[in-house]
Amino acid sequence: MAKSETSSDTARPWQSYHTVYTNAKAGMDGVDKEKVQRIVYEMSKGSKYFENEERKEAFIRQKIETMRARCAKLTATDISHFQMVAEKRILELEAARNLSRIWLHVDMDAFYAAVETLSNPSLAGKPMAVGTMSMISTANYEARKFGVRAAMPGFIARKLCPELIFVPTDFKKYTYYSDLTRKVFQKYDPNFMAASLDEAYLDVTEVCKEKGVTGEEIAKEIRASVFEETGLTCSAGVAANRLLAKVCSDINKPNGQFVLPNNRMAVVTFISSLPIRKIGGIGKVTEHILRDALGINTCEEMLQKGSYICALFSQSTAEFFLSVGLGLGRTDTPEVRLRKSISNERTFSATGDETLLYRKLEEIAEMLSTDMQKEGLCGRTLTLKLKTAAFELRSRAVTLQKHICTSKDILKHASKLLKAELPISLRLIGLRMSHLNEERDGVPLDPTQKTLTHFMVSGDASGKDVDEQRSFGHEAHDISDYFVNKEKSDSFTGSHETRHTHIDHLDSNHSSELNDDNCTFDSNAAEMETVHNPSSDVTADKVQGTSCLNTVTNGANFLEGEAEAVSSSRQRELFLWVNGYKCSICGTEMPPDFVEERQEHCDFHLAENLQKEESGTEFRSSNPRQRVVCKAQIVSQSQRKKRKSSPKEGRHIPIDLFFVKSNQNF
DNA sequence: ATACATACC
DNA sequence: GACTGGTATGTAT
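Owing to the predicted nature of the structure, the values given are computational and were not obtained by experimental measurement.

Draft legend 1. Region of the structure containing the nonpolar core. Formed by 50 residues in total, the largest nonpolar core has its most connected members in Leu260, Phe270, Ile279, Leu294, Met302 and Phe313. Here this core gathers at least three residues from each of two domains, domain 2 (76–97 + 270–326) and domain 3 (103–125 + 168–262). Excluding residues that lie within four positions of it along the chain, Met302 makes contacts with Ile276, Ile282, Leu290, Ile296, Ile309, Phe321, Leu322, Val324 and Gly325. Counting residues in each nonpolar core, the second largest holds 37 residues, with Ile102, Tyr177, Phe192 and Ala200 among its members.

Draft legend 2. Helix H3 (residues 48–73), seen in detail. The end-to-end C-alpha distance of H3 is 38 Å, a good match for the 38 Å that 26 residues give at a rise of 1.5 Å each. Listing the buried residues of H3 in full gives Phe50, Asn52, Glu53, Glu57, Ile60, Lys63, Ile64, Met67, Arg70 and Cys71.

Draft legend 3. Seen up close, the protein's contact with DNA strand B. Close to DNA strand B lie 24 residues, the nearest being Lys246, Gly281, Thr286, Ala397 and Thr399. Here the atoms of DNA strand B within 4 Å of the protein split so that 98% fall in sugar or phosphate, with bases taking the remainder. Within the side chain of Lys246, one N or O atom sits 2.3 Å away from a phosphate oxygen of DNA strand B. The backbone of Ala397 places a nitrogen or oxygen atom 2.5 Å from a phosphate oxygen of DNA strand B. Elements with a contribution of two residues or more to the surface near DNA strand B: helix H13 (284–294) and strand S11 (393–404). Here the surface near DNA strand B is built from residues that sort into five nonpolar, 11 polar and eight charged.

Draft legend 4. Representation of the sheet that holds strand S1 (residues 103–108) within the structure. Pairing within the open sheet is mixed, and its five strands lie in the order S5-S6-S1-S7-S8. Two strands lie at the open edges of the sheet, namely strand S5 (193–196) and strand S8 (257–259), each paired on one side alone. Each strand axis lies, on average, 15° off the axis of its neighbour in the sheet, ignoring direction. As defined by bridge partners, S1 adjoins strand S6 (residues 199–203) across five bridges and the pair is classed as antiparallel. When the sheet's bridge partners are listed, Val106 is paired in S6 with Ala200. On the sheet, helix H8 (residues 171–188) packs against S1, S5 and S6 and is oriented at approximately 10° with respect to S6. Along the sheet face, helix H10 (residues 215–230) touches S1, S6, strand S7 (234–239) and S8 and points at about 160° away from the line of S7.

Draft legend 5. Spotlight on the packing of H8 against H10. For the pair H8 and H10, interaxial distance at closest approach is 9 Å and the crossing angle is 145°. In this structure, H8 meets H10 at a crossing whose hand is right-handed. Mapping the contact onto sequence places Tyr177, Leu180, Thr181, Val184, Phe185 and Tyr188 in H8 and Ile218, Glu221, Ile222, Ser225, Val226, Glu229 and Thr230 in H10. Taken together, the residues of the contact of H8 with H10 sort by class into eight nonpolar, three polar and two charged.

Draft legend 6. Region of the structure containing the packing of helix H5 (residues 111–119) against H8. Running from N to C, H5 and H8 point in directions that differ by 95°, and their axes come no closer than 10 Å. Viewed along their axes, H5 and H8 adopt a mutual orientation that is roughly perpendicular. Here H5 contributes Phe111, Tyr112, Val115, Glu116, Leu118 and Ser119 to the contact with H8, which in turn contributes Phe171, Lys173, Tyr174, Tyr177 and Ser178. When the residues that make up the contact of H5 with H8 are grouped by side-chain class, the tally is seven nonpolar, two polar and two charged.

Draft legend 7. Structural detail: H10. Between its terminal C-alpha atoms H10 stretches 22 Å, which fits the 22 Å expected from 16 residues at 1.5 Å a residue. When H10 is considered as a whole, its buried residues turn out to be Gly215, Ile218, Ala219, Ile222, Arg223, Ser225, Val226 and Thr230. For H10, the buried positions fall inside an angular range of 165° around the axis, keeping them on one side. Positive phi appears at Gly231, one or two residues downstream of H10, with a value of about 80°.

Draft legend 8. Structural detail: the pattern of salt bridges. Scanning the model with the defined rule gives 27 salt bridges in all. The shortest N-O distance in the salt bridge between Asp203 and Arg101 comes to 2.9 Å. Of this pair, Asp203 sits in strand S6 while Arg101 sits in the loop between helix H4 (76–95) and S1, placing them 102 residues apart in sequence. Put simply, Glu216 and Lys220 hold a salt bridge, and the shortest N to O gap is 3.7 Å. Remark: Lys220 and Glu216 occur in helix H10; sequence separation between them is four residues, near one turn of the helix. In this structure, a network of salt bridges that share partners links the residues Glu53, Lys56 and Lys284.

Draft legend 9. Fine view of the environment of Ile79. Here Ile79 lies in helix H4. For the pair Ile79 and Ser307, spaced 228 residues apart in sequence, the C-alpha separation works out to 6.3 Å. With residues near it in sequence (within four places) discarded, Ile79 still touches Leu74, Ser307 and Tyr308.

Draft legend 10. Focus on unusual backbone geometry. Here the bond from Lys253 into Pro254 is cis, since omega is 0°, no more than 30 degrees from zero. Positionally, Pro254 belongs in the loop between helix H11 (242–251) and S8. A cis amide bond, omega -5°, links Leu422 with the succeeding residue Pro423. Tracing the backbone shows Pro423 in the loop between helix H18 (407–419) and strand S12 (426–438). One non-glycine residue, Phe391, lies in the positive phi region at around 70°. By the element assignment, Phe391 lies in the loop between strand S10 (377–388) and S11. Looking at Phe391, the relative accessible area reads 16%, which means it is buried.

Draft legend 11. Focus on a positive patch on the surface. Among the surface-exposed residues, Lys402, Lys408, Lys412 and Lys416 lie close enough to one another that they form a single positively charged patch. Top contributing element to the positive patch by residue count: H18, with three residues.

Draft legend 12. Molecular detail of the pairing of S7. In terms of residue burial, S7 counts as a mostly covered element, since six of its six residues are buried. By the alternation rule, side chains of S7 split into Cys234, Ala236 and Val238 and Ser235, Gly237 and Ala239, which are all buried. Strand direction decides the pairing type here: S1 and S7, joined by six bridges, are antiparallel. Residue pairing for S7: Trp103 is matched across the bridge by Ala239.

Draft legend 13. View of the packing of aromatic side chains. Under the defined criterion, the tally for this structure stands at 12 aromatic pairs. Ring geometry for Tyr176 and Tyr177: centres 5.2 Å apart, planes at 85°, overall edge-to-face. Each residue in the set Phe111, Tyr112, Phe171 and Tyr174 is aromatic and connected to the rest through ring pairs, giving one cluster. Over the ring of Tyr141 we find Arg144; its NZ or CZ atom is 4.3 Å from the centre of that ring. Residue placement shows Arg242 over the ring face of Trp103; its charged tip is 4.9 Å from the ring centre.

About the cut-offs
- Residues numbered from 1 in each chain as written.
- Chains lettered and ligands numbered in written order.
- Predicted model: local features only at pLDDT ≥ 70, side-chain atom pairs only at ≥ 80, totals over all residues.
- Heavy atoms only, no water.
- Core = buried A, V, L, I, M, F, W, Y, C linked by side-chain atoms within 4.5 Å.
- Buried < 20%, exposed > 50% of the residue type's maximum accessible area, 1.4 Å probe, protein only.
- Domains from an automatic or database assignment.
- Contact = heavy atoms within 4.5 Å.
- Helix = DSSP H or I, 4+ residues; strand = E, 2+ residues; numbered from the N terminus.
- Expected span 1.5 Å × (residues − 1).
- Near = heavy atom within 4 Å.
- Polar contact = N/O pair within 3.5 Å; in protein donor to acceptor, adjacent residues only side chain to side chain.
- Nonpolar A, V, L, I, M, F, W, Y, C, P; charged D, E, K, R; others polar.
- Pairing = 2+ DSSP bridges.
- Axes fitted to C-alpha atoms, helices over the stretch in contact; angles between N-to-C directions.
- Left-handed = near helix turned anticlockwise from the far one by under 90°.
- Parallel < 35°, antiparallel > 145°, perpendicular 65-115°, else oblique.
- Arc of directions from axis to C-beta.
- Salt bridge = Lys/Arg side-chain N within 4 Å of Asp/Glu carboxyl O.
- Patch = residues over 30% accessible without salt bridge, like charges linked within 9 Å, V, L, I, M, F, W, Y side chains within 5 Å.
- Areas by Shrake-Rupley, 256 points an atom, 1.4 Å probe, with all protein chains shown as cover.
- Lys, Arg positive; Asp, Glu negative; His and termini not counted.
- Charge placed at Lys NZ, Arg CZ, Asp CG, Glu CD.
- Phe/Tyr/Trp six-rings, centres within 6.5 Å; stacked < 30°, edge-to-face > 60°.
- Lys NZ or Arg CZ within 6 Å of the ring centre and 35° of its normal.

This is the structure in structure tokens:
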């Protein structure tokens, strides 16, 4: 069933960038896009906001130009080299394809708007939006017919649809209904992942097996159950991984579902004609860049232009793009995600009045402190976010010795940060605390640290209570997400499925990007969060001191005058991890998990070569030796990192505890 | 560690 | 009549 339905999506003309809003979301069928575009443009034109958007646009265009220039400079040799790199990566990714799971992505239809309509039936059938004149959160389908949609300012929406009814947001209501849906999800997958109040991922592999039914049937059952419990409709996508399931849930929205069979051909066919913008993690900017710099419009083209992707982007970004081209995505159920930061920000009418600005800062500090204390959190890094009257964003941070959480402490440090920016005219001030730790003065707290300490001290690699501290993409949009799932999962963002989502930034150094290329071609898995204990690297010197010097003699020959990219890339070809473990040059062993270390190690050899050849000060003198650790450490660390299984701990914690203490660290 | 950019709901 | 708020993460320096 997969196939053709996709084409309908493909057909969408995404005459891109015109103005500010790009999205081609569902429910916009009979919309006169030309007209909408024109009105949006006219309503924005000349504003400070608009001017800032133009600046950003110009910057992106320049970035694209730079990339095109780099593409043009690639020689046939470069291209064939990167072609090989791409092919190798594609093979590796393909080899890891997992079609054994059945993932379901459930997405409530126009959630906020639907909930508001439930509580006020008179809104049914009328164009309505949840939000304010400044910003709309969600629009119902009647309003979408006019081009009104989420993330659009209310005053523009009203222009598009004069009859539009505005309803203020009421999170309590949404949370209540969200919880009802989650109770349903829990029955099908106790470890389901909430992506936000209105979205969730369920691994229904087991349920399907138990009940002897298909993913399609389960999806229908769940949707019916959700409707029964809430009176709200939702859409679902069923596929072998989360990335695909998410794309699928959007296809027959609203109140529909789409099943992509767990069959390689079906997946490949499905993904091939899919516009890249449909993929979670590929937004407006990335779409623009890939299209205008590389001519990539569909996922299939990600593979066709694999060589350019590998040549222009960082390793992680390239890998993400290639996996998208293959229709790969995550199939695991990550363990607990910890909140990484907590913040509060407010927009107000622009002012340069210092007294006013300080008053605002004070309010934000208080609100943030309240939120933190509500969750028993303390943080060590404070970041001040500012948006100038011209819409430019700035951030200023300080990392303290101690964790803080009182409004007094927060304000004290925030004031210093703000003072340094004066005079300035602002329209927004925000504060964010990160490097969080659970409060309680004397108590150790933070399970993460505790386990880490425990690990180092005891050398225990069993991961018994260590596990899961790794972090990938995830997030947790709402506090409520933490609740419901605390038991096990936690929330997860819906964004990057495969891995990184982000695009790198322009160009810039080849060298660094090129370096990524080969050094770690064998490392897919790893998510490095390499916990490195500086103090443990002491003995390292000798490990590498030895054999490293007799480097690659061959490599040196290429270092001459030509494109440095070429020479270094060729050199890299000589640099391999024997058996996926041992450096082919000096014999140092490093597990695939050590992505960063491997890169540095690779850099080191390259730098050595350069120095030998000429002066060479190219590469930064980071001594990989400091990164090389003795074998025992490597082994134990890698084991710890693998921490595949061993989720346990979470299960011993009573749910109530999470409510009381904010679950944060589990 | 800090600053900035991108993404998603 | 003037373009949100919260969180995460990648990249560069």
